[in-house]
Structures are given as C-alpha cells and as structure tokens.
There are 2 protein chains.
Amino acid sequence: MINKFSEYFSLVIGAVNCYFCNSFSRGITMYRTHNCGELRISNVGEEVTLSGWVQKVRNKGGMIWVDLRDRYGITQLALEEGVSSFESMETAKKLGREYVISVKGQVIERFSKSNKIQTGDIEIKVSELIILNEALTPPFTIEDETDGGEELRMKYRYLDIRRNPVRANLELRNKVSFETRQYLESQDFLEVETPVLIKSTPEGARDFIVPSRMNPGEFYALPQSPQTFKQLLMVAGMDRYYQIVKCFRDEDLRADRQPEFTQIDCEMSFVSQEDIIQVFEGLTKHLFKSVLNVELPTFPRMSYNDAIRLYGSDKPDLRFDMQFIELNDVAQNQGFKVFDSAELIVGINVKECATYSRKQLDKVTDFVKRPQIGANGLIYVKYNEDGTFKSSVDKFFLPDVLKTWAEKAQAKPGDLLLILAGEAVKTRAQMNELRLHMGNELNLRDANIFKPLWVTDFPLLEWDEETERYHAMHHPFTSPKEEDIEKMDSNPGEVRANAYDLCMNGVELGGGSIRIFNKQLQKRMFDLLGFTEEEAKDQFGFLMNAFEYGAPPHGGLAFGFDRLCAMLGGQDSIRDFIAFPKNNSGRDVMINSPAVIDNKQLDELNISLNL
Amino acid sequence: MINKFSEYFSLVIGAVNCYFCNSFSRGITMYRTHNCGELRISNVGEEVTLSGWVQKVRNKGGMIWVDLRDRYGITQLALEEGVSSFESMETAKKLGREYVISVKGQVIERFSKSNKIQTGDIEIKVSELIILNEALTPPFTIEDETDGGEELRMKYRYLDIRRNPVRANLELRNKVSFETRQYLESQDFLEVETPVLIKSTPEGARDFIVPSRMNPGEFYALPQSPQTFKQLLMVAGMDRYYQIVKCFRDEDLRADRQPEFTQIDCEMSFVSQEDIIQVFEGLTKHLFKSVLNVELPTFPRMSYNDAIRLYGSDKPDLRFDMQFIELNDVAQNQGFKVFDSAELIVGINVKECATYSRKQLDKVTDFVKRPQIGANGLIYVKYNEDGTFKSSVDKFFLPDVLKTWAEKAQAKPGDLLLILAGEAVKTRAQMNELRLHMGNELNLRDANIFKPLWVTDFPLLEWDEETERYHAMHHPFTSPKEEDIEKMDSNPGEVRANAYDLCMNGVELGGGSIRIFNKQLQKRMFDLLGFTEEEAKDQFGFLMNAFEYGAPPHGGLAFGFDRLCAMLGGQDSIRDFIAFPKNNSGRDVMINSPAVIDNKQLDELNISLNL
C-alpha cells in the first residue's frame, strides 16, 4: 500500500526518501516544529523539524550547507558525513533551487555568525533530510533583485511572490487593512458588505456587465463604487459604515490602473465636512504610526483654487517648495510679445540653480516642449551669485525689471527662475509638470517623506466642451456649499462643493463629500447635469425614493486602497501591492484570462458574439 | 443667500425652522453631542444636542413626548409649553413617524423610569427642536415585529434595516468578521485579496461571466471560490492565507441560496488534516465565545460512513438523540414481505412517545409519505408503560420479537419506535427527514444550543448515473487518504479523501480538504474524473504548471460566512444577515436589478441578445 503510494511520488521526486514513508513525518507536527524565521541562540540543543524551500546549496564535499526559506525567514542547515544519515547526504547532493524539503536535526550555535538574517546565530545539524517536492529551475531568480522582467514575473506570479520584496508588499497590505479595521471599529464604524451584482448606470466610467441567465436579456453590472448603497445605509440608520471593497471600472487602462481595484469606503450620518476630515485624518495618522512608526503632524489644508493657483494641480506635492509666482503685473506691456499676449505668466524659483549650464537648461526646455507637456518654450532668469542677472529674455527686459521678478519670487543670488506663459489653464498644467520634474531632478521627492494635504472646496461642476453640459466633478450626490447655492442658477460653474480630497506627495489618496440629503436639491442638481426626470428616476429612483422616508444629513469618503498601500510601501506602482494584478490589456497572463467560453454557456445566457 | 437656501428646504420641510438657519446648528458638533443610546443618570444637568428619527410621538396638549431613535438606542424627549420655544412646540406637533430631527436641551431625571431602554433613567427637556428631513409614512411599521411582508421589506430594505432585529443581525455579522480576523491574524494568517475577474471553468456549478470589451469575444468569470488562487498562494510560499470573500454561483436558486455569497476562505502549508481541524475548531470556539459568550467544548468527530449509517446525513443534528437502529437481523425472514424484500430496515427510538394517538401517528405517516420524502409507509411500535407492545405490524410479529427490536433500540417502556424499510440510500435519507421532523415536533432543536461535529473521511469520488463517470465529491484537488491510494485503480468509489466538514445543528458550516500537491497524483485524479490531458491543461494548466516549481503540502477550508452568521444569530435563514439580498429569481427588488442595458453597451462589448 505504502509502496504503491511512494511510486506515485517517486515518479516526481526520484528520491529514496518518500515523505509519506518517513517515520518522523507522522503526527500533528509532522512537517515542522518551528518555522524558518524563529530559531535563536536560546533554542540551541533542541531537536527541531523544519520545512521550506531550498534557497541555496553549498556543497563542500563532506559538508553541505543549505539555506532553507519560508515566509518567516531563512535558516541555515548543515549536513555532515557521519553526522547526517547516508540517505540524507545523498539526497542533499541532488537538491536544486526551490526544492521543497523537510529536515530533522539539532539546533547548534553557528561558528561564523551572520547578522544579515534573524536566525544568524544558529544552524541546524541535520540528521535526516527528505524531499517533499522537486522543482524545475525557476524562470527567474528568487532573489530580492531578480533577473525576471515584468511580463515573466507576472506569468509566474506564484514564484514572484516568493521573493522578499513582493511578499513584504502583500504583508504590508494585510497590515494596512487590518489596522484600518482596528481604527474604524474603535470609532463605531460597522463594516457592511454591499452587493457586487448591481445595476448599470451610464454616469461615470464604463461598467463591467454580467448577463443574467435567469432573467434573459437583462444584465447585472459590477459596482464602480458602493456609492448609492452606502447612502442607502445612511437612510437605513447605520450611522457609520465602512467597507474594504473591490470596485470595477472598464476603462482603457492607463499605466498603473487596474480594472478591479480596492477601496476603503466610508459614510457617516449627522456630520459636517469637519467631522469627516477629523476621522480620516485620524485613520491616516493611525496607519502611518502602526505600519511605519511615522508620526504625521496635523494635516495642512488648501482650497482647490489655491492649489491650482500655487501648484497648478489639485494634488500638490508639498515635499518641496517652488510655489508658482504669477508675473503678469511685472512682466507685461514691456514689448515682449510672448508675454504681452499671454493670459498667464508664471514662474517658479529653483533655489541654488543659477549655475545651471546651457546644456542643462536646454534639457529642461526640451522637457517642457515634449508633446505630452506641450509648452512652446521656456524662459529662464539666472540670479547670479554676484547679483547680476542672465536670462533668455535679456533683449527685452532690463536687469532692474528682472530684479522685480526675482523679488516677487523671493529669489536670492544663486537662484534660478523658470517661466512659462500662455493660456492660463494649460500653462498651469505645464508648470505643474515642470515643477515636479525639477523636484525629481533635484532629488526633492524622497519616498520616505510624507506630506499630506487636504484639498477642499472643489468646484461642484465642470463644463464638458464636447457634450456642452456640466458634469459632476465628484458625483451627482455631492452637496454644494451652503453659501454658493444661490449661484446654482446664475453661475453654476462657480459653485463650490462640500468636497475634499486627501492627497500626499502629489498623489490623491482619497476623496469624498457631504451629500445632498434633500430631495429637492438633488432634483435641482440632476437638472443642472442635464438628466431628464425620467432618466434620473430610472437610474437613481431607488435612492430618490429612499430620500422620501427620512434621510439624515450624511457624507463620506473613499480611499484608494491599492494606492495607499503603495504610498506606505514607498513605491510608485500599485501593481506589486496586488497579489494577482492584470496587465494594461486587462489580462491576467498567469491564468490567461479573459478567454473564450463554450457556445453552450453563451446559449444559456441568451447572448451571441458579434465580432 | 440663507433665504434662498431655506427655500429649497422649506419646499420639503414646510417648517419655520430650517436646519441651516439655526444658530445652534453651526460648528463641528452641530448635529449632536451624544447619540441616542448613551445618556445616563450621570449626565443629568448637561446641555446636549441629539439627532435621529422619530419613533413615536405622544401629544398631551401642553406636553409632547417624542421617542428619538438612532443606531445606538432611543432617548425620550420632553417638550413643554413655556419651557420649549414656541417654534419647537409648533414643529413637534407636526412630527410624523420617521421624521429626522435635531434637538437641543437639558438632560433631566425621568419621573417614571423605564428599564426597557438603556437611557430609561433620563429624558431631554427640549429647548429647541428642528426638522432635518420629513418622511412619508413608511409602507410598514419600523418595529421589532413588523407588519411588512418579505417582498415589501426587501423593496424598502433601507427602512427594514432601521428595525432592531435586522440592524442587530448586521451588527452581529460585522462582529463575526472582525473577530474572525482577530483570531486568524493571531495565528499568523495573512489576508490576501484574490481577483474577482477570473476565468470560467466548466467544472462545478455555473459561472457568472463578464464580457471583456478590450478583448473582443473573450470573457472573464466571477469566482465560485478562490480555490486555485489560494493553492497558488501556497506554492508562492504565503504559508497561511485567509480571506473573507465574495463568491458567485449562477445556480437556479433554491430557497435560501444567494447568487453572491461570502466565504471565510483559508489555506495552510506544511500541515496535516489535524492541524487544520485544530485551527478552525479554535476559530469557531473563539467566535462563539467572543460573539455569544458561549464556551464550546472539544468538538466530536465522526466518519462520513458513520454519519450516514447513524443519521442518514453527512451533517447530523446532534442536539438530540434518535440514532438509527438497523433491524434487518431481527426483523427479516419472518414473513412480513415489506421487510423481507427491503435492503434496509431502520428505526429510531422516539423517547416517551408511546402515548402518541392514532391521529398523531397518522400525521407522522403523512409526513413521510409526502412526495418530497417519498416513503411508502411508516411502521410504529409502541412500548407501553405496562411493558406491552402495540404496533402497526402486530399481525406479523409476536411481542417477543418486537421486544428484541426494542432492546436493540435501547427503548424503555413508554418509548415509541418508528421504522422505515426499503432501498438503503433512499431509506436512510427518508429516515433522516423523519428524525429531524420528530426533533422539531418534540422541540428538541433549540436554536440556542450548539452542537458542532467534524465529519471526516468523505468519499473522494461520487458516481454520476447521468454522465456515467465519477465526479469529485469535494473538488478535483482533494487528496485521497494515503491508505486508500491503491484503490484508485481497483475500486475508485471506495477511496476516502482527506476531506472534512464542520457541521452544527444539522447545518454544514464549512468544509475543506488536504490538497494533492503532487503533479502525478493530480494527473491520476484528472484521469479518474474523465478529463483529457488537454482539458485539464486548458482549465487548470496554470495550477499544474505551478506544481512543477516546488509545491508544499497544503490544505484548507472554507466556511460559509452567511450561514455561520445565521447560526450565531440563532436563525435559519441567511437572508436577514445580508444587507441587500436578492430574491429567488436572483433579483434585487430594491434597485430593480438585473435590468436591460443600452444597445451601445452591447455593441461595445461585441455581443448581441439572442432571445
């Protein structure tokens, strides 16, 4: 019987030892008494059993050392002729990288200790070693710095995750979600699961849809967010709701977007914007403290208008300065046509860079002229150490004029002004790119420094040139600011919303708003967005109905969970904080999904392909 | 400006008070200083602000009492002419059920205290009261016992959730998930999110599918469970994985099944069945202790074969006795044709029921003869208090023979034997139904008593008459028991699996298995299941590939989370433990989903309807 079984295994492992035949392998603790990260000098003398993957083998003839790895660490194994069994020595000689093995032996003090691993004081004097499973040579090295490219790593993601950095990212993600729940539970939030099979709404991004077999011709949609459900939970009196939840958007994927992503989704009743900001600033501080041991001070706040004016972005990176300086009043009407015809002339003060060479300045100019940025050119003013000025517009402006610019920019001798001019919206966007570029160039964007910022007072609406109508900047349920309500008729574009974003280091971590809880105001909002009453009823009727039965004032917020994890992990890309991400075509290259399906399945669903 | 705003609201609230115009309503704590469940005698004298829903109004002319409700409790408000403002009194007179209001006032000791609510010692002497939102009269009463039927409650689920019992269920659910995470984190489990957009596999139940716009003609599928991903995570070295995760099955819905449901999904490496049982028995004990303060003793275990033999079910309800007694040896070959031709004669001992009347016995007989049960008849033997016997087969058997049956059943005078006979599998199933029925009749199935049981040693395979091949009883990755491997060729139907279920009170809470981690054995299993090599490769190729690179021994388990919550809540139906459940047609009657979608959406997805 046993023989029969061992035959199956010997096909694969080709070894004398079969795991199931080994006497030491029976009982509850058959595979291990300890993991590979926990043995210390205090364990010396103990008989232990360890299991894991072979990280490295050094065969010195009579002695063989093996680094054994699992999720918890690495432990060094030592096999020696005469000490280890003959079979174990023979087996050890056959070990390859990533073989799965189990060993029995005694913990001994190491002769030459290592402080690179936590178990570096000890090693295991192995008496028995067996192979649990062989392994083909991995297509890339299972090391911190691997030789595998992105596509290969994704195809063999189950090997990629064995690497410390990827595993550490997933461990961090787990820690972040766990601590998020610890904090929110302490604040009386209830996690409520909202449905995944919901209903398509044309508003916003494209939905993924799911044909219903039981309801032919009808479809579910996957949620882009639980927005309406969380508002219904407030009508339902749940008071404080949260959920760490998968959301779905069928977008053409830009770099670092995923068709399925995770949100920390929250909603609160009987609150003002200030209450929500307090709670989620608290959450953010808790996460940085508990995950990174970083204490964040009180978060600064900035209005949307100020953020755009001073940084050309609604998510300014505050790790470095270079606020925008508007120069129209000191640079126009002096005969330089480029400036005189510009709606906006805006500069940044790049400190201590007056020494930039012609070549360096050309490279910066090339940067802003790239099609993605789209500037026509760049003007520089060097405020030299000796107090003189050198600029690309010396022909048009006297040094005294340049000095007024420098003063406005609070530039000191040694500083460099970089100036763009043109249509205001575009020029601010270009200057934002230039500012971030200079921040990168000057190493001012340290991933281990965290600068949070609340951006508030977002516009309620944005005008869409194409459809010639207003869109909700946040979503159609966002409440206008009380004092701007009167402008909803006269000047809708100027109405500010009770909406707020939390950004950090130039990245949006999350955002939210106080919702409209009054049915009449909601109707007015739908009017502004160009919804007919019928459309509004069809798409949001259940929410508007709910509002008839006693809706409390409420508001909420959602954090991009993948992004938050990447931020805490000090990385730009979210992909390595997701266990099984999809590529830019929405494809999982490991399982090769999406894929064609049986015609029988299509028939059952009452749909056919239309290619 | 303020006037303009109040106009919007006065349209709805028709009140003198507009929330935004009220001076007390400004500032961070504008809506409330306390919730409706927290004020006590020690708060007497404090000025407080409360907000919530109007549960009840009693207008006694000069005095008006209002019960104000929120998630946390109910607080009594008292308004009095001369004490409360004139406007507040006028507003209070207009209040209807479920109006949302905010009040300011002083906490005073109540004249007649109530011990029914936690705030029963105090009430609020209201100085100001404003309406935040009116409410139409709800379509059913917001009380513990409501007059609303199931369909109406589901349509207005946001009102149903305001009811204490439903809210309490959702709070319990939150507690169960929170404590599940506390326990599993303490055991070194990592929560890892697996993808929702995966790939369809024909094995098992029907998948929900999702057309891919970016990959025309191809489809994602929603996971029926994260089975393959969790196994890949073991190959990836994650060692201990869990996830509380939504899963999806496109089944014809039986009562109390949901197309989307939640699992506690787990997997562990380097473990035996015993390790897994220990960990999840520990989890179950932790949940009963932390949620219900119930200490469960060590769980008994029973083999699948014993469970079927003794209870006719793989999830026996152990809250009561009535084990099956097989009577073939003492009842056959004595001339009673029904017995003589039967494969199995099986009885249960219904204690102290020899006094059952003819009418009562007829009702029990009618029960087993219902088409859903399908027995041809029922035989009874009364062991009377005076030691005599009375049975429906007195013609065929002498009292001495009946006495041997009674002895076998350990029946005492006063007990009643109920006996069925026929084909073994069917008769056991019928007797299982009868046993549960008698348990219900005799009130032996108390929802507040919990009897867990591990059922082990499930068959690896089950024969499907229709397709004339074996199906995996658990799933194709379940490992056979080492000692039964040899039977995989000779007698596959007798091979037992390393598979185990946790059941409780006759309900399956969860189950799992040790997986095959050897590629050759996995191949053998696919052979047995009738997969061609190509089919196996196409559907599970990525998993079989992964097994080439060093798979550890592993196994796991999944708990039905909705069912677990219902069990802890002492209820049979899972529906009220899900915030927004679907009905038996898979429809969400609140949002009216699924629904038709735009042709434009279908075109973009390259599919068309085929009705």
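Residues numbered from 1 in each chain as written. Chains lettered and ligands numbered in written order. Predicted model: local features only at pLDDT ≥ 70, side-chain atom pairs only at ≥ 80, totals over all residues. Heavy atoms only, no water.

Novice: Any details on the pairing of strand 3 (residues 73–80) of chain B? Residues and values, ideally.
Specialist: Residue and element names in this part refer to chain B. Note that strand 2 (residues 63–70) and strand 3 share eight bridges and pair antiparallel. Paired with methionine 63 across the two strands is glutamate 80, which belongs to strand 3. Strand direction decides the pairing type here: strand 3 and strand 5 (residues 122–133), joined by two bridges, are parallel. In the sheet register, leucine 77 faces strand 5, and the bridge partner there is isoleucine 124. (Pairing = 2+ DSSP bridges. Helix = DSSP H or I, 4+ residues; strand = E, 2+ residues; numbered from the N terminus.)

Novice: Residues and numbers for the relation of the copies chain A and chain B, please.
Specialist: Two copies of one chain are present, and they are related through a rotation about an axis combined with an axial shift. Mapping chain A onto chain B calls for a rotation angle of 180° and an axial translation of 0.0 Å; the resulting RMSD is 0.1 Å. With respect to symmetry, the two chain copies, as superposed, fit the operation of a two-fold axis. In this assembly the copies share their binding face: 100% of the residues contributing to the interface of chain A also contribute to that of chain B. (Least-squares fit on C-alpha atoms with pLDDT ≥ 70 in both. Contact = heavy atoms within 4.5 Å.)

Novice: Could you give an account of the interface of chain A and chain B, with specific residues and numbers?
Specialist: Contact with chain A, which involves 146 residues of that partner, is made by 146 residues of chain B. Between chain A and chain B lies a buried interface of about 13,400 Å² when both sides are counted; carbon and sulfur atoms form 61% of it. At the junction of chain A and chain B, the tally comes to 14 salt bridges. Counting the contacts that link chain A with chain B gives 65 residue pairs in polar contact (both at pLDDT 80 or more). Per element, the largest residue contribution to the side of chain A that touches chain B is 10 residues, and it comes from helix 5 (residues 164–186) of chain A. In terms of residue class, the side of chain A that touches chain B is made up of 77 nonpolar, 30 polar and 39 charged. (Buried area = accessible area lost by both parts, 1.4 Å probe. Salt bridge = Lys/Arg side-chain N within 4 Å of Asp/Glu carboxyl O. Polar contact = N/O pair within 3.5 Å; in protein donor to acceptor, adjacent residues only side chain to side chain. Nonpolar A, V, L, I, M, F, W, Y, C, P; charged D, E, K, R; others polar.)

Novice: Residues and numbers for the environment of alanine 135 of chain A, please.
Specialist: Residues and elements named next belong to chain A. Mapped onto the fold, alanine 135 is located in the loop between strand 5 (122–133) and helix 3 (150–155). The class of alanine 135 is buried, set by a relative accessible area of 12%. In sequence terms alanine 135 and tryptophan 53 are 82 residues apart; their C-alpha atoms lie 9.5 Å from each other. (Buried < 20%, exposed > 50% of the residue type's maximum accessible area, 1.4 Å probe, protein only.)

Novice: If you had to explain the pattern of salt bridges to someone new, which residues and values would you point to?
Specialist: Tallied over the entire structure, the rule returns 94 salt bridges over all chains. A salt bridge links glutamate 193 of chain A to arginine 173 of chain B; its shortest N-O distance comes to 2.7 Å. Here glutamate 193 of chain A is found in the loop between strand 6 (190–191) and strand 7 (209–211), whereas its partner arginine 173 of chain B is found in helix 5 (residues 164–186) on a different chain. Here the residues in one salt-bridge network are Glu150, Arg153, Arg157, Asp160, Arg163, Arg575 and Asp576 of chain A, joined through shared partners.

Novice: Help me get a handle on the sheet that holds strand 2 of chain B, residues and values and all.
Specialist: Residues and elements named next belong to chain B. Spatially, the five strands close up into a barrel ordered 1-2-3-5-4, and their pairing is mixed. In this sheet, adjacent strand axes meet at a mean angle of 55° when their direction is disregarded. In this structure, strand 1 (residues 47–59) lies alongside strand 4 (residues 100–109), joined through seven bridges in antiparallel fashion. Pairing of serine 51 across the sheet is with serine 102, part of strand 4. (Axes fitted to C-alpha atoms, helices over the stretch in contact; angles between N-to-C directions.)

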